[in-house]
Every structure is written in structure tokens, then in C-alpha cells.
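Listed here are the chains, written in short residue letters.
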Amino acid sequence: MPTLAARPYAYAFDPAHTAVVLIDMQRDFLEPGGFGELLGNDVRPLQAIVPACQRLLALARAQGMQVLHTQEAHDPLLADCPPSKKARGGLACGIGDPGPLGRVLVAGEPGADFVPALKPQPGDLVIRKPGKGAFHATGLDAILHARGITHLLIAGVTTEVCVQTTMREANDRGYECLLVEDCAASYFPAFHAAVVEMLVAQGGIVGWAAPLAALEAALLPASA
Ligand code: C5J
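Residues numbered from 1 in each chain as written. Predicted model: local features only at pLDDT ≥ 70, side-chain atom pairs only at ≥ 80, totals over all residues. Heavy atoms only, no water.

### Considerations on the packing of helix α4 (residues 50–62) against helix α9 (residues 212–219)
Basically, it comes down to this: Angles here are taken between N-to-C directions and fall from 0 to 180 degrees, while the axes themselves are lines fitted to C-alpha atoms, restricted in helices to the stretch in contact. Every helix listed is a DSSP run of H or I at least four residues long, and every strand listed is a run of E at least two residues long, numbered separately from the N terminus. Just so you know how the angles are binned, under 35 degrees is roughly parallel, over 145 roughly antiparallel, 65 to 115 roughly perpendicular, and the rest oblique. Note on convention: the crossing is left-handed when the near helix lies turned anticlockwise from the far helix by less than a right angle, right-handed when the turn is clockwise. Two residues qualify as a contact provided that any one of their heavy atoms is within 4.5 Å of a heavy atom in the partner residue.
Their axes nearest at 11 Å, the elements α4 and α9 cross at an angle of 20°. With respect to α9, the axis of α4 lies roughly parallel. In this structure, α4 crosses over α9, and the sense of that crossing is left-handed. Note on element contacts: α9 touches α4 through Leu212, Leu215, Glu216 and Leu219, opposite Ala52, Arg55, Leu56 and Leu59.

This is the structure in C-alpha cells:
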């Protein structure tokens, strides 16, 4: 069974029972004019992880691991968007409003789509989610159970919001989770670093963390 050097200790996983979960790599979070920038953020730290995420997905597909993308987006009527979420931030152009990338965070709009370099490919799964955690109000748990997935390699944006929330939800449901730390990013690099520390603290209270190179070394020993 592949075992990779991780924190707080080695992480063993069977690729046949492992999914790579790529969180919310959407134009609304990574591109100028999207929800992230409308909230006042600099999107460049998120754009910087795209090449590493491409490598992660290529590795996963080559090893026969399930790839799963999440997408934070609401239905056009915002029936799945709590008024509290829409109101948060007091934005002049917020969720559901017409913005530079179409209606903000609405399914089917340009901003809700994945960045071109990380579009889902045949065989990948896509989970649309209305919340920050990918298990909230979705069929994700049932889908993973049906495929016999027990281990999750988690990546995407943002580390302290949707990535961390999803990893905590998964941990509570019994999944063995590893954050691929250089395939995740925050608008606030200090938040990213702090989250990595808190996930692996106390003996891995939420799970493991390792860089992509450690995963590559475990799966492609010649690259080590
Ligand atoms: C946020 C996310 N930050 N994908 N969403 O609203 O982290």
C-alpha cells in the first residue's frame, strides 16, 4: 500500500479507495471580477496553485483514483442560499447580482464555472454545493460510500473556508483525510499556514498534511 511522508506521521492509502477532492477552483474565486475579488481580496495567491493542481489531477487520473470537483454555486432563484449568506459582507454586488463574470456565484454563469486549466474531465465527479462544506446539503457522503472511498486527498480554495470545512466534515464522517498543502491556497497566506498547523496538531486531530512532492514520491518512486 502506498505510504507517504506526511505530518503528523506517515499516511497509508489504497488508490482504489481514495478520491482527490478539488474544492471550488472556480472563476468566481480565482479571477478578477469574481466573488473573491468583489469581497476585496487579491486573487493572485489562489491563481498560483493552478499548475500544482493540474499535476495533482494528472497523477490521480494516471493512478486510477477518483477525481471529484466541488463547485460553490446557487440555483438561479437562490432557493438554496440562506438570506444570511446573501447579506453577509453588505456587498453592492453580491451573490445573485449581475457582476463582471455574470450573476455572482450562480450555477450556469461564467463565474461559477471552473478555471479553464482545471475543467472536469470524463469520469470526474462534480458536486455543486450551496455551503462552505461539501457534505452540507449534498449527496457527497452517499456517493463516496457507493464507490467504496475511504480516503480523501483534499486540495483547492480557500484553505480556511471551504477546504477546512470540508475536511472537518469528512473527518467527522470517518474519512481518512490528507490536505495536499501546496495544492491549497487562501487569500491570506497566514491563514493557510495556520490551518495546516491546526489540522495536523494533536496527533492529526483532523487528518494529515503533505506537499504534492511527497505524494508523487509515494506513487512514482522513480521521481523521489
Ligand atoms: C469562500 C470558498 N471563501 N470556496 N468559498 O467563500 O472557500
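Once the structure has been displayed, the description carries forward.
### Quick word on the sheet that holds strand β9 (residues 176–185)
Rules: When DSSP finds two or more bridges between a pair of strands, those strands are recorded as paired.
What the six strands build is an open sheet, ordered β7-β4-β3-β8-β9-β10; its pairing is parallel. Single-partner strands in this sheet number two, and they are β7 (125–129) and β10 (208–210). Averaged over neighbouring strand pairs, the angle between their axes works out to 25° when direction is ignored. Pairing of strand β4 (residues 66–72) with β7 involves five bridges; the strand directions are parallel. In the sheet register, histidine 69 faces β7, and the bridge partner there is valine 126. Running at roughly 165° to β9, helix α8 (residues 189–204) makes contact with β9 and β10 of the sheet. Contacts from α9 reach β8 (151–157), β9 and β10, with the element oriented near 125° to β9.

### So, the site of the ligand
As a reminder, the rule being used: If even one non-hydrogen atom of a residue comes within 4 Å of a molecule or strand, that residue is called near it. As used in this structure description, the phrase polar contact means that two N or O atoms lie within 3.5 Å; if the pair is within protein, one of them must be able to donate a hydrogen and the other to accept it, and residues adjacent in sequence are counted only when both atoms belong to side chains. Computed with the Shrake-Rupley method and a 1.4 Å probe, the accessible areas treat only the protein chains shown as cover for residues. As a working rule, the residues Ala, Val, Leu, Ile, Met, Phe, Trp, Tyr, Cys and Pro are called nonpolar, Asp, Glu, Lys and Arg charged, and the rest polar, with Gly in that last group.
Near the ligand you find Asp24, Phe29, Glu72, Lys132, Val157, Thr158, Val161 and Cys162, and these make up its full shell. One of the backbone nitrogen or oxygen atoms of valine 157 is found 3.1 Å away from a nitrogen atom of the ligand. Separating an oxygen atom of the ligand from a backbone N or O atom of threonine 158 is a distance of 2.9 Å. About the coverage of the ligand: the protein hides 92% of its 230 Å² of free accessible area. For the shell around the ligand, the residue count by class is four nonpolar, one polar and three charged.

Fair warning: the whole summary comes from geometry, so function is off the table for now.
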